[in-house]
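# Coordinate analysis (summary)
Now for the letters of each chain:
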Amino acid sequence: MAPDPLSLPAIHASHVGIWIADAKGRVQRVGRGEAIAAVAATPHLLLNATLTGDRLGYPELSGLDLLELFAFLYPARFAVPTPAGIGAALGLTPPGTEDAIAAFLPRASAAMLASLGDPDWPEREGAWHGIQALARQRWPWTPLIQPLLANPGGNERWLFARLPEWEDAPPRAAPRQVTINADDVAARLDRLTGDGAERRPGQQDYARAAATIFAPRERKEAPRMLIAEAGTGIGKTLGYLAPAKQWIDQSAGAICISTYTKALQRQLARETEKLYPDPATHREKVVVRKGRENYLCLLNLEDALQGGFSGRAAILAQLVARWAAYTRDGDMIGGDLPGWLPALFRRNGTTALTDRRGECIYAACPHFRKCFIERSARAATQADIVIANHALTMVQAARPRESAGAAPSRLIFDEGHHLWDAADSMFAAALTGQEAVEIRRWVLGPEGKSRGRRRGLAARLADVASYDEAGDRAIQAAIAAAAELPGDGWLGRLAENAPWGAIERLLVAARAMVYARAVDMRTADSGYGLETELADPDPELVAAAASASDAIESLLRPLMALGKRLESLIEDPPDWLDGQARARVDGARHSLSARIETLGGWLSLLGRVGGPADPDFVDWLGVDRFDGREYDCGLHRRWLDPARPIADIVYRQAHGVLVTSATLRSGGHGDGGWIEADIRTGARHMDGGVRHFAVPSPFDYARQAEVLIVTDIARGDLAALAGAYSRLIEAAGGGALGLFSAIRRLRIVHARIADRLARAGLPLFAQHVDPLDTGTLIDIFRADPHTSLLGTDALRDGVDVPGDSLRLVVMEGVPWPRPTILHAARRAAQGGSAYDDMVIRGRIAQAFGRLIRRADDFGQFVMLSPSVPSRLLSAFPEGTPIRRLSLDEAVSHVAAANGEQRKRAYPAFSP
């Protein structure tokens, strides 16, 4: 029997209107002013205070947020943060209309609070002490929870006592040299796809091809390498997991699967459950790895719980502590921490709960043996399958000493079309104000009135300074040199032309040169970033670069000396170096090597100022701005071909490499397509032995999809663009993904059409507008076939929404590359317009790939561009119908096609 609704007022606000339910459940529609007055006078029940506040135009809105209650009662449980999503999570019938939502919130609240009296409530431990701490922070839910929650007495353990400790294990043996049989791979694939499942020849061929990377390599630095394009729907994940598991079983080896998006990491973790059905075995054999900045730092959490946070941030810390006791792996970014939770606290406190600055004190931390990061790293050394991301895979290859064990000898790069972008970021150098401030903080620690747990180099290596005279001298010299780096207030000093120190003088000179040489001042007035080539620098910049080089060298020398001293302590340990101190020194060495590498890159970049250009790199000066506000400036360096270091640093160390994706050839075919694939993946830098394989998608694109090119929307006509989006989404009945190349245009279009669509019963959400993370927006989009979503590049590549929830993709136009200095250099080096075409076709192919994810999907792809060159149309799968139409014709076409298709395939959603 459902509990009685809470006798509290509730509010719901959307683009359609605002409704308030009084304490007796009576609902009335109200105006914005009346609603703001009501919630300011009396706390109301609401769902997502941040989003509701945006709808009201009242950002300081507070009340009894059901999402916060859900996070307290059900930490680490999944829920879509909508009335329907909460209803599904609680087993309640969701409200059918907007005006019923306010009355639903008291019922949902009562259902959640009823868990407190359920003897089988699985998250009971820790709740009583948690609510006492939240009471001290005056959390609004406390008076409702405390009377219902019994004091467990002395039986409840503190969070840090409940977390399990990790254990060290002996190094894993090297894999045996074996050759797997293709027939065995095919048989295993049959078992993985399930008895009675239809055999897919394309998947079988793909699995046999993937098996070749597991053969023993013939010579050093010449891995067995396969570049494989598998069209959407082939089932490439099981296609490479089948030979991988066969090789693991025969060789006792381990593999690494590297991806670009967190969404695919989660998907792969689910797919590998077919290899290890027992949950305990799966946890042991499969480990998801991310960079340490993704994981909760227990020492930071303890500091936050003991007064390091105040106000709303302190409430967030308590809710995160509840989650920490039940999380699977401590992953705060894309793991089982609800993505919507940090967004409820506008000043996102979760960044202060992770180790983003490399300031870990390792074994000196009282929670070292329970650390989520250390547990994950050690588990990975014993796992059969490590699911990492491209950036982490490259970091571990570039800095092998930072890996806790031997790297897997076989690498599988899924989402291989993103290797270029991942390497472009990984192997970049940037001497900017923000980067310099981070180095300063890493060395000096807190300055002035700064609070928090952040520790400088001296604090992290206090025992070295106490017992080792040479080490202490190096630390003190580094501290003195780091004081020359930019500190707090550096941006203001630059704007006032009053720099302090050699690096700030360099930034002033760089900034002045950018503003003097920026070609298109219309771009300057628009509020976005500015840049100019690092060519023919003026005398002021050359002189400033020389002084900056001296300052950086004065910091680099003691850090290098300290690194050598730490190495000698490890090699010939003194009596005072016990196990904990050794682990701390070893961790400091790893952190130190990364900073030394950064400083070395800065010196190389400064050597370019006034000196000869390096043909392998592109160098420029930039001022970064957002909405007219400067937030960084400095010197930048990127590889002209970022795939080259992938080949040299990553591929050559492996014994076997598979690079796979659905769009490696960017729509190209034959040898020309593979040339593009080899450029994007770095395979062209390998000395022979690279094989290519392609299998087309099994989908019937001639029947399941069509491309409509709208020819009468003038470029730059934002009113017409907004009208086109609105009409197309209405014609499709929602289920639309709108893609933009500029945040400004996205916001303008959303502002013009959101209310209109909402009145038609078609909710619209948008990145960079709604205060929700991208993952949560996709969850909301996936859950409701009438919802539409607007976004930028992250949605073009990271959305997997099979079925009726995604049946229309609309691009605002041809996704031309931005004409940056970096792009111009690469364009000149890679064949001019052919390089542009490769980039554009890749973007279009990825966007189109969001549309058809299953054999029963149907969808339409609309491009709002008066002129799409025919040479770009090869981005679409062969056989896909392509039509050039006016907007009126396209709207009629979308309405007719979707109406017919939905009546036939999705009767539940038909009118």
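Relevant structure appears above.
## A word on the overall build of the chain
Helix and strand content of the chain: 37 helices and 23 strands. Seen through its C-alpha atoms, the chain measures out along the principal axes to roughly 75 × 70 × 65 Å. Counting the 911 residues in the chain, one finds 55% classified as buried. Restricting the contact set of the chain to residue pairs at least 6 apart, pairs at least 24 apart contribute 75%. In the structure as shown, the chain presents an accessible area of about 37800 Å², 50% of it carried by carbon and sulfur atoms. In the chain, the 106 positive side-chain charges and the 109 negative ones have mean positions that sit 1 Å from each other.

## A short note on helix 16 (residues 372–382)
Within an α-helix, residues lying three or four positions from one another point in the same direction, as the helix has 3.6 residues per turn. Among all positions of helix 16, only Phe372, Ile373, Glu374, Ser376, Ala377 and Ala380 are buried. Buried positions along helix 16 lie against strand 8 (286–288), helix 14 (298–308), helix 15 (312–324) and strand 9 (385–389).

## A few points about the sheet that holds strand 14 (residues 629–639)
Read across the sheet, four strands follow the order 11-14-13-12 without closing on themselves; strand pairing throughout is antiparallel. Bordering the open sheet on either side are strand 11 (429–432) and strand 12 (530–533), each of which pairs with just one other strand. Sheet twist, expressed as the mean angle between neighbouring strand axes with direction ignored, is 25°. Summarising the sheet, strand 13 (residues 617–626) and strand 14 pair through 10 bridges and their orientation is antiparallel.

## Some words on the pattern of salt bridges
Within the structure shown, the criterion is met by 45 salt bridges. A salt bridge links lysine 274 to glutamate 271; the shortest N-O distance between them is 3.4 Å. Taking the shortest distance from any N to any O, the salt bridge between glutamate 374 and arginine 378 comes out at 2.3 Å. On the criterion of helical spacing, the pair formed by glutamate 374 and arginine 378 is a turn pair, its members being four residues apart in helix 16. Residue arginine 378 is classed as partly exposed on the basis of its relative accessible area of 21%. What emerges from the salt-bridge pattern is a single network uniting Glu125, Arg157 and Arg162.

## Here's the deal with the pairing of strand 9
When you tally the buried positions in strand 9, you get five out of five residues, the bulk of the element. In strand 9, alternate side chains face the same way, and those of Ile385, Ile387 and Asn389 on one face and Val386 and Ala388 on the other are all buried. Relative to strand 9, strand 7 (residues 255–259) runs parallel, the two sharing five bridges. If you follow threonine 259 over to strand 9, its bridge partner there is asparagine 389. Pairing of strand 8 with strand 9 involves three bridges; the strand directions are parallel. The residue bridging valine 286 from the neighbouring strand is isoleucine 385, located in strand 9.

## A look at the packing of aromatic side chains
Applying the stated criterion across every chain yields a total of 16 aromatic pairs. Put simply, the rings of Phe699, Tyr701, Phe848, Phe861 and Phe876 pair up and form one aromatic cluster. It is arginine 322 that lies over the ring of phenylalanine 72; its NZ or CZ is 4.8 Å from the centre. The side chain of arginine 378 reaches across the aromatic face of tryptophan 166, ending 4.0 Å from its centre.

## Remarks on the packing of helix 10 (residues 201–210) against helix 11 (residues 236–251)
Put simply, helix 10 and helix 11 touch, their axes get as near as 8 Å, and they point 40° apart. Classified by the angle their axes make, helix 10 and helix 11 are oblique. Here helix 10 runs over helix 11; the crossing is right-handed. Mapping the contact onto sequence places Gln203, Tyr206, Ala207 and Ala210 in helix 10 and Lys236, Leu238, Gly239, Tyr240 and Pro243 in helix 11.

## Some remarks on the nonpolar core
A general tendency of soluble globular proteins is for nonpolar side chains to be buried together. Judged by nonpolar contacts, the single largest core of 111 residues is most densely connected at Phe72, Trp141, Ile145, Leu296, Leu301, Leu341 and Phe861. Beyond its immediate sequence surroundings of up to four residues, phenylalanine 861 is in contact with Glu706, Val707, Leu708, Val809, Met811, Ile844, Ala847, Phe848, Leu851 and Phe876.

## Observations regarding the sheet that holds strand 16 (residues 690–695)
Read across the sheet, seven strands follow the order 8-9-7-10-15-6-16 without closing on themselves; strand pairing throughout is parallel. Each having just a single partner strand, strand 8 and strand 16 make up the two edges of the open sheet. Averaged over all neighbouring strand pairs, the angle between strand axes comes to 15°, with direction disregarded. Pairing geometry for strand 6 (residues 224–230) and strand 15 (residues 656–661), over six bridges, is parallel. Paired with glutamate 229 across the two strands is serine 661, which belongs to strand 15. Sheet contacts for helix 12 (residues 262–271): strand 7, strand 8 and strand 9; angle to strand 9, the most-contacted strand, approximately 170°.

Calculation criteria
Residues numbered from 1 in each chain as written. Predicted model: local features only at pLDDT ≥ 70, side-chain atom pairs only at ≥ 80, totals over all residues. Heavy atoms only, no water. Helix = DSSP H or I, 4+ residues; strand = E, 2+ residues; numbered from the N terminus. Buried < 20%, exposed > 50% of the residue type's maximum accessible area, 1.4 Å probe, protein only. Contact = heavy atoms within 4.5 Å. Areas by Shrake-Rupley, 256 points an atom, 1.4 Å probe, with all protein chains shown as cover. Lys, Arg positive; Asp, Glu negative; His and termini not counted. Charge placed at Lys NZ, Arg CZ, Asp CG, Glu CD. Pairing = 2+ DSSP bridges. Axes fitted to C-alpha atoms, helices over the stretch in contact; angles between N-to-C directions. Salt bridge = Lys/Arg side-chain N within 4 Å of Asp/Glu carboxyl O. Phe/Tyr/Trp six-rings, centres within 6.5 Å; stacked < 30°, edge-to-face > 60°. Lys NZ or Arg CZ within 6 Å of the ring centre and 35° of its normal. Parallel < 35°, antiparallel > 145°, perpendicular 65-115°, else oblique. Left-handed = near helix turned anticlockwise from the far one by under 90°. Core = buried A, V, L, I, M, F, W, Y, C linked by side-chain atoms within 4.5 Å.

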